[in-house]
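Chain by chain, the residues:
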Amino acid sequence: EDPIIIQEFLLPPRYFNLDEQRNYQEQFKGLAGIALADGRSQDIRIVDPFDTIIDPAGARCYLITLGFNRTATLNEYCAHHGPFSESMVRDLLNQALQTLILLHQQRFTVPTGQSQQGIIHGNLNLNSLLWAANTNDSPPKGFVYLTDFHIWTNLFDPASLERGDLGAKMN
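All of the points below concern the structure found in this document. (Residues numbered from 1 in each chain as written. Predicted model: local features only at pLDDT ≥ 70, side-chain atom pairs only at ≥ 80, totals over all residues. Heavy atoms only, no water.)

With respect to the overall build of the protein chain
What the protein chain contains, in helices and strands, is five helices and nine strands. Moving toward the C terminus, one meets the helices and strands of the protein chain in the order β-α-β-β-β-β-α-α-β-β-β-β-α-α. Expressed as a percentage of its 171 residues, the buried residues of the protein chain come to 38%. Considering only contacts within the protein chain whose residues lie at least 6 apart along the sequence, 63% involve residues at least 24 apart. When the accessible surface of the protein chain is summed, it comes to about 9900 Å², and 51% of that surface belongs to carbon and sulfur atoms. (Helix = DSSP H or I, 4+ residues; strand = E, 2+ residues; numbered from the N terminus. Buried < 20%, exposed > 50% of the residue type's maximum accessible area, 1.4 Å probe, protein only. Contact = heavy atoms within 4.5 Å. Areas by Shrake-Rupley, 256 points an atom, 1.4 Å probe, with all protein chains shown as cover.)

See the structure below:
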């Protein structure tokens, strides 16, 4: 009964032949559900997908993420509530940097069982940062969550393919 977000990714024949489509779909299957390699359960303020679905008969992939109560992106929040105060900006940046440091320094395990040192976000912008605000506080206090990592959002980007910079691959 929890809300979910479904993102659809396409592998158009214009950019991917059938073998490439299957290869990318196989890679895609292993991208949901990163966890700390040491088994700790910790809120590291990221929103990562909990499932991936591929269309075995077609050129589509789906990324399933919990709706996170459809928390506003920073872009949406600022458009509705106006700019952040100086102290809120400092708090927001501090939280985002703490999360990025943790992502870069910790070992993570992916669903395929592989372990890797650090994960790079690669897609920071006002729409990939969520603001979970406690609106009862004045000024509102909240937490910044990172979402829409490069490894998910740009895996099938034809512009990245043409440049050959698919840094999205997991090691």
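From this point on, the discussion continues.
Quick look at the sheet that holds strand E1 (residues 4-10)
Taken in spatial order, the three strands line up as E1-E4-E3 in an open sheet, and their pairing is antiparallel. The strands lining the two open edges of the sheet, one partner per strand, are E1 and strand E3 (51-54). Taken pair by pair, the neighbouring strands of this sheet meet at an average axis angle of 20°, ignoring direction. Of the strand pairs in this sheet, E1 and strand E4 (residues 60-66) are connected by seven bridges, and their pairing is antiparallel. For Ile5, the partnering residue across the bridge sits in E4 and is Thr65. Taken strand by strand, helix H1 (residues 18-29) contacts E1, E3 and E4, and its axis lies near 160° from that of E3. (Pairing = 2+ DSSP bridges. Axes fitted to C-alpha atoms, helices over the stretch in contact; angles between N-to-C directions.)

Quick word on the side chain of Thr99
Mapped onto the fold, Thr99 is located in helix H3 (residues 86-105). Note on Thr99: relative accessible area 3%, which makes it buried. The contacts of Thr99, once residues within four sequence positions are left out, are Ile44, Arg45, Ile46 and Leu146.

Thoughts on the nonpolar core
With 32 residues, the main nonpolar core has Trp131, Leu146 and Phe149 as its most contacted residues. Considering every element that reaches this core, the biggest residue donor is H3, with six residues. (Core = buried A, V, L, I, M, F, W, Y, C linked by side-chain atoms within 4.5 Å.)

Taken by themselves, the reported measurements are silent on function.
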